Amino acid sequence: MEHHDEDTHAKEEGGFLVFENGKITIRISETCCKSCGICIEFCPTKVLEPRDDGFPVVVAISKCNDCKLCELRCPDFAITVEKVAD
Amino acid sequence: MPVAPVTKVVTGYLRPHKRFPSVWCAGCGVGIVMGAFLRAVNSLGIDRNKIVVVSGIGCTSRMPVYLDFCGLHTTHGRAIAFATGIKFAKPELTVVVIMGDGDAIAIGGNHFIHAARRNIDLTAIVVNNETYGMTGGQYSPTTPQGSSGSTARHGNIEPPFDICDLARASGATYVAREAVYNARRLETLIAGGIKKRGFSLIEAVSNCYTVYGRYNDFKSQIDMLRWQKEHAVPIQSWQKLPPEEKNSKFSTGVLFQKDAPEYVDEYDKLIERLGGKTGGAKSES
């Protein structure tokens, strides 16, 4: 995605798309996610955007404030947000 | 202390051999209720071998299949009847009944009101999507008047049940409602219901885009959650609304709570009064 923060690194790891910037790690399960879009729509800081197929990808990880609303509302337990200990 | 990642808590309670993704449609609120329920169980620190989850038939009733607890997937509408038996035989267990609106209020309506009347220590979570989702969107006793369904193409002419009012009138000692949109609050309310001794009812206002949404001009599952966000009003604020707004919105939070004698306790007292050995089932276990 062209909107990626410069400090966002995306990689694939054990069925997850992993986005991290050293402060926050966001993991999205490629098997469990049904691309319903709830996490994207209701993220208060607009961290996520849909890919062409609707799958959520992180476009602005620096805006993530670890509120975990995406994680709480995900009906498929497909997204996790973890604050990296400093 | 680092906060435990929410999803790690949830996935720890799922049966590892079950195939995911779940059977539910994309964006279905049942998954959100499942997450809230598991976080509630975790927050109360209940041993997973001391909890029984009972369900009937319907989309919601698929839930125990995924949960690594003792579970019973029973016949349509009879979940509360089975749960009553479990509680009576093993009163030390935490018994949670998970049903849809059709399962709980239509097919199992009689079991529901009488379990509430007896005040047996069960926690009933009713996932209300206002339709029969699994069978194709027929209108249910909670479908709002004027809404459409596959058996009400020109609008439903029947007034709906208010599940919370029904539970309260029948004798439930804990009555709460929350929209799946407010997942964190739903979790707190479920935990409150499990903790409360007696019949607890938690209505989770859910969303069925696949059938209900399409018959009723919602553009997507997101649109339905947005509707919840706009219409769910905490009970304290809801009470202050003018009457016409009260009807168009719905109240959330703990709507009613009281203390009353619990059924199994009363039964034990009866046995004691007649000189028998109390808690027969308890002492055998």
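This text goes with the structure placed above it.
So, here's what we can say about the structure. This structure is a prediction, so every number in the text was calculated from the model and none was measured.

### A look at the overall build of chain B
In terms of helices and strands, chain B carries 14 helices and eight strands. A compact globule built from 285 residues would reach a C-alpha radius of gyration of about 19 Å, and chain B, at 19 Å, matches this within 12%. By principal-axis analysis of the C-alpha atoms, chain B measures approximately 60 × 40 × 40 Å. Per-residue burial over chain B gives 54% buried out of 285 residues. Counting only contacts in chain B whose residues sit at least 6 apart along the sequence, the fraction spanning at least 24 positions is 67%. Looking at chain B as shown, the accessible area adds up to about 12800 Å², and 53% of this sits on carbon and sulfur atoms. Averaging the positions of the 33 positive and the 25 negative side-chain charges in chain B gives two centres separated by 4 Å.

### Looking at the side chain of Thr131(B)
For Thr131(B), the position within the fold is in the loop between strand E4 (123-128) and helix H7 (163-170). Leave out the neighbours within four places in its chain, and Thr131(B) touches Asp101(B), Gly137(B), Gln138(B), Ser140(B), Thr143(B), Cys208(B), Val211(B) and Tyr212(B).

### Re the interface of chain A and chain B
With 18 residues of chain A in contact, the opposing surface of chain B contributes 27 residues. Counting the surface lost from both chain A and chain B, the interface buries some 2000 Å², and carbon and sulfur atoms represent 68% of this. On the chain A side of the contact with chain B, Lys34(A), Leu72(A) and Phe77(A) bury the most area, a combined 35% of that side's loss. Our enumeration of links across chain A and chain B arrives at one salt bridge. Glu41(A) is the salt-bridge partner of Arg226(B), the closest N and O atoms lying 2.9 Å from each other. The interface formed by chain A and chain B contains five residue pairs in polar contact (both at pLDDT 80 or more). Looking at the side of chain A that touches chain B residue by residue, the class counts come to eight nonpolar, three polar and seven charged.

### Side note on the pairing of strand E6 (residues 200-205) of chain B
All names here are of chain B. The buried count for E6 comes to six of six residues, which makes it a mostly enclosed element. Relative to E6, E4 runs parallel, the two being bridged by six bridges. When the bridges of E6 are listed, Val126 appears paired with Glu203. Of the pairings in the sheet, the one linking strand E5 (residues 174-179) to E6 comprises six bridges and is parallel in character. Looking at the pairing, Tyr174 lines up with Ser200 of E6. With helix H8 (residues 183-195) bridging E5 and its parallel neighbour E6, the resulting β-α-β unit is right-handed.

### Describing the packing of helix H2 (residues 29-44) of chain B against H8(B)
A pair of packed helices is characterised by two quantities: the angle between their axes and the separation of those axes. Residues and elements named next belong to chain B. Between H2 and H8, the least distance of the axes is 8 Å, while the angle of their chain directions is 50°. Classified by the angle their axes make, H2 and H8 are oblique. For H2 against H8, the interelement crossing comes out right-handed. Of H8, the residues touching H2 (which contributes Ile32, Val33, Ala36, Phe37, Arg39, Ala40, Val41, Ser43 and Leu44) are Ala183, Arg184, Leu186, Glu187, Ile190, Ala191, Ile194 and Lys195. Of the residues that constitute the contact of H2 with H8, the class distribution is 12 nonpolar, one polar and four charged.

### Section: helix H4 (residues 79-89) of chain B
Since the α-helix turns once every 3.6 residues, residues separated by three or four places project in the same direction. Residue and element names in this part refer to chain B. Those residues of H4 that fall on the buried side of the exposure criterion are Ala79, Ile80, Ala83, Thr84, Ile86 and Lys87. Viewed along the axis of H4, the buried residues span an arc of 165°, placing them on a single side of the element. Tucked inside the fold, the buried residues of H4 contact strand E1 (51-55), strand E2 (70-73), strand E3 (94-100), helix H6 (109-118) and helix H13 (263-273).

### A closer look at the environment of Lys46(A)
Residue and element names in this part refer to chain A. Mapped onto the fold, Lys46 is located in the loop between helix H1 (38-41) and strand E4 (48-50). Apart from residues no more than four positions distant in its own chain, Lys46 is found in contact with Ile40, Glu41, Val59, Ala60 and Lys63. A distance of 2.9 Å separates the side chain of Lys46 from the backbone oxygen of Glu41, its partner in a polar contact.

### Quick word on helix H10 (residues 221-231) of chain B
What H10(B) keeps buried is the set Gln221(B), Ile222(B), Asp223(B), Met224(B), Leu225(B), Gln228(B) and His231(B). Two or three places before Ile222(B), at the opening of H10(B), Ser220(B) has a side-chain oxygen 3.2 Å from that residue's backbone nitrogen.

Calculation criteria
- Residues numbered from 1 in each chain as written.
- Chains lettered and ligands numbered in written order.
- Predicted model: local features only at pLDDT ≥ 70, side-chain atom pairs only at ≥ 80, totals over all residues.
- Heavy atoms only, no water.
- Helix = DSSP H or I, 4+ residues; strand = E, 2+ residues; numbered from the N terminus.
- Rg over C-alpha atoms; globule rule 2.2 N^0.38 Å.
- Buried < 20%, exposed > 50% of the residue type's maximum accessible area, 1.4 Å probe, protein only.
- Contact = heavy atoms within 4.5 Å.
- Areas by Shrake-Rupley, 256 points an atom, 1.4 Å probe, with all protein chains shown as cover.
- Lys, Arg positive; Asp, Glu negative; His and termini not counted.
- Charge placed at Lys NZ, Arg CZ, Asp CG, Glu CD.
- Buried area = accessible area lost by both parts, 1.4 Å probe.
- Salt bridge = Lys/Arg side-chain N within 4 Å of Asp/Glu carboxyl O.
- Polar contact = N/O pair within 3.5 Å; in protein donor to acceptor, adjacent residues only side chain to side chain.
- Nonpolar A, V, L, I, M, F, W, Y, C, P; charged D, E, K, R; others polar.
- Pairing = 2+ DSSP bridges.
- Right-handed = clockwise from strand over helix to strand, strands pointing away.
- Axes fitted to C-alpha atoms, helices over the stretch in contact; angles between N-to-C directions.
- Parallel < 35°, antiparallel > 145°, perpendicular 65-115°, else oblique.
- Left-handed = near helix turned anticlockwise from the far one by under 90°.
- Arc of directions from axis to C-beta.

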